[in-house]
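# Examining the three-dimensional arrangement
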Amino acid sequence: MHGLLRERLLSRRDHRLERGKPPQPLLFDDMMEPTNEGARPGSADRAPGGDPPGPQEGQAPTGAPLLELRNVDKNFGPVQALQGINLIIPEGQVTALAGDNGAGKSVLIKTVSGIWSPDGGAVFWRGQRVHIRTPKDAAALGITTVYQDLALCDNLDIVQNMFLGHEDLHLGMLNEIEMELTARRTLESLAMTTARQIRQPVASLSGGQRQSVAVAKAVMANSKLVILDEPTAALGVTQTAMVLSLVKQLTSQGVTVLMISHNLNDIFQVADHLAIVHLGHLVASGPASNFNRQTAVDYMTTGRSNRETAGSPALAAS
Ligand SMILES: Nc1ncnc2c1ncn2[C@@H]1O[C@H](COP(=O)(O)OP(=O)(O)OP(=O)(O)O)[C@@H](O)[C@H]1O
Ligand SMILES: [Mg+2]
């Protein structure tokens with residue numbers, strides 16, 4: 001494409017993105033003062049010698065974590081799916097959420113994503129209490145969840161999928177060139193260059209490439225927190241490596257990641273922080289370096305561990 005035209009298209013897009021910044025969501029509990037309680041010493045999630053997030057651009061001056069759950073409960077009739085969950089998601093880091101089948105991982109992320117509302121407790125976003133009642137509320141905060149089935153449309157190409165639901169219109173027409181440039185730029189910024197053609201249907205992509213398109217879509221939506229539900233579950237070795245490097249790439253762009261995973265290889269490869277749930281309780285949480293494979297398996301399978309760990313053994317429980 002002609003260089004000048006390309007530059008003009010890109011600069012128009014940047015202006016559009018500036019103008020189109022989502023308004024401050026009306027989710028905050030206006031009656032509450034901003035608080036830095038999220039960073040309080042002795043918080044359930046804070047291990048001694050832990051890893052408080054450093055101040056980041058756009059972060060609340062309080063140094064509060066990006067997301068915090070305090071004492072969150074979720075019941076389905078007699079089933080107590082989440083009980084008194086105290087969880088901190090530090091900004092700009094990868095937090096892995098692990099646990100056995102039925103532990104409550106999916107219910108937890110659905111509660112954060114606005115699919116379920118908690119029955120008790122409170123959720124804080126950068127130190128301010130928020131009420132995430134719908135997926136739209138979550139999106140307004142900058143939370144994007146990539147579910148396992150990916151919600152991509154097989155018959156649409158990569159660009160169409162990335163813009164699905166928020167197509168770029170110009171004078172009532174699809175702005176195909178601009179959408180393609182934006183999609184291409186996003187994929188390149190994530191070092192995602194393995195797809196041969198940006199206009200190929202998603203059905204023709206490998207599992208890893210599909211996962212990457214879903215993640216790139218989340219990045220394009222200006223997400224602050226990307227939640228990935230078992231992103232590598234169905235992938236082979238090469239594709240898993242590709243997705244994990246993409247996860248790291250996200251944090252280098254300032255995006256915070258919460259990744260559900262059963263796979264200890266994946267967890268120890270990319271996670272800065274590890275939280276483990278067992279039968280609806282958060283049984284351990286702290287820097288990933290405070291865990292080893294054995295302690296992680298202990299917590300996942302029995303909810304406790306008596307073994308020594310390499311780092312600080314103080315792994316907080318809810
Ligand atoms: N919609 C629902 N109605 C009733 N019970 C539910 C519902 N969703 C989840 N549960 C229950 O909540 C508990 C936690 O389920 P959840 O799906 O969060 O487990 P998980 O940790 O994601 O497990 P897996 O690794 O198998 O995906 C389970 O006992 C499950 O049966
Ligand atoms: Mg699940």
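Coordinates for the structure precede this section.
Fair warning: this is a prediction, and the values are worked out from it, not measured in the lab.

### Some words on the pairing of strand 2 (residues 79–89)
Sheet topology places strand 1 (residues 67–76) next to strand 2; seven bridges connect them, and they run antiparallel. Considered in strand 2, the bridge of K74 is made with L82. From the end of strand 1 to the start of strand 2, which pair antiparallel, there are two residues, and G77 there has a positive phi angle of about 55 degrees.

### So, the site of ligand 1
In the vicinity of ligand 1, the contacting residues are F76, V79, A81, G99, N101, G102, A103, G104, K105, S106 and V107. Elements supplying a minimum of two residues to the shell around ligand 1: strand 2 and helix 2 (105–112). With three residues, the single largest contributor to the shell around ligand 1 is helix 2. Taken together, the residues of the shell around ligand 1 sort by class into five nonpolar, five polar and one charged.

### Focus: unusual backbone geometry
With a phi angle near 60 degrees, N71 is a residue other than glycine that sits in the positive phi range. With 14 C-beta atoms counted inside 10 Å, the residue N71 sits in the partly exposed group. The phi angle at E230 is positive, at roughly 50 degrees, despite the residue not being glycine.

### Side note on the sheet that holds strand 1
Strand order in the open sheet made by the four strands is 2-1-4-5, with antiparallel pairing throughout. One side of each edge strand has no neighbouring strand; the edge strands of this open sheet are strand 2 and strand 5 (128–130). Adjacent strand axes in the sheet meet at a mean angle of 30 degrees, parallel and antiparallel pairs treated alike. In this structure, strand 4 (residues 120–125) lies alongside strand 5, joined through three bridges in antiparallel fashion. Residue W125 lies in a different strand from strand 5, and its bridge partner there is Q128. The sheet contacts of helix 2 involve strand 1 and strand 2, and relative to strand 2 the element is tilted by about 65 degrees.

### Overview of the packing of helix 5 (residues 176–189) against helix 6 (residues 207–220)
Running from N to C, helix 5 and helix 6 cross one another at 110 degrees; their axes reach a closest spacing of 10 Å. The angle between the axes of helix 5 and helix 6 places the two elements in the roughly perpendicular class. Two secondary-structure elements touch here, helix 5 through T182, T186 and L187 and helix 6 through A216, V219 and M220. Its residues placed into classes, the contact of helix 5 with helix 6 shows four nonpolar, two polar and no charged.

### Focus: the nonpolar core
A general feature of soluble globular proteins is that nonpolar side chains tend to end up buried together. In this structure, V226, L274 and I276 are the most contacted members of the largest nonpolar core, which totals 77 residues. Counting residues per element, this core draws most heavily on helix 6, which supplies seven residues. Among all residues touching V226, those that are not within four sequence positions of it are T144, V146, V215, A218, L250, V255 and V257.

### Here we look at the environment of G84
By secondary structure assignment, the location of G84 is in strand 2. Residue G84 is classed as partly exposed on the basis of its 18 C-beta neighbours within 10 Å. Between the C-alpha atoms of G84 and H281, which are 197 residues apart in sequence, the distance is 6.9 Å.

### Digging into the sheet that holds strand 12 (residues 281–287)
If you trace the six strands from one edge of the open sheet to the other, you get 6-9-10-3-11-12, paired in mixed fashion. If you trace the sheet from one side to the other, it starts and ends with strand 6 (143–146) and strand 12, each paired once. Neighbour-to-neighbour, the strand axes of the sheet open up by a mean angle of 15 degrees, direction not taken into account. Sitting on the sheet, helix 7 (residues 237–252) is in contact with strand 3 (94–99), strand 9 (225–229) and strand 10 (256–260), with an inclination near 150 degrees to strand 10. Across the sheet, helix 9 (residues 293–302) touches strand 3, strand 11 (273–278) and strand 12, and the angle it forms with strand 11 is around 30 degrees.

### Regarding the pairing of strand 11
Most of strand 11 is tucked away, with six of its six residues classed as buried. Going residue by residue along strand 11, you find H273, A275 and V277 tucked away on one face and L274, I276 and H278 tucked away on the opposite face as well. Relative to strand 11, strand 3 is paired through five bridges, and the arrangement is parallel. If you follow L97 over to strand 11, its bridge partner there is A275. In sequence, strand 11 turns back onto strand 12 through a hairpin of two residues, with L279 there showing a positive phi of about 45 degrees.

Scoring rules and cut-offs
- Residues numbered from 1 in each chain as written.
- Chains lettered and ligands numbered in written order.
- Predicted model: local features only at pLDDT ≥ 70, side-chain atom pairs only at ≥ 80, totals over all residues.
- Pairing = 2+ DSSP bridges.
- Helix = DSSP H or I, 4+ residues; strand = E, 2+ residues; numbered from the N terminus.
- Near = placed C-beta within 6 Å.
- Nonpolar A, V, L, I, M, F, W, Y, C, P; charged D, E, K, R; others polar.
- Buried ≥ 20, exposed ≤ 12 C-beta atoms within 10 Å, placed from the backbone.
- Axes fitted to C-alpha atoms, helices over the stretch in contact; angles between N-to-C directions.
- Contact = placed C-beta atoms within 7 Å.
- Parallel < 35°, antiparallel > 145°, perpendicular 65-115°, else oblique.
- Core = buried A, V, L, I, M, F, W, Y, C linked by C-beta atoms within 7 Å.

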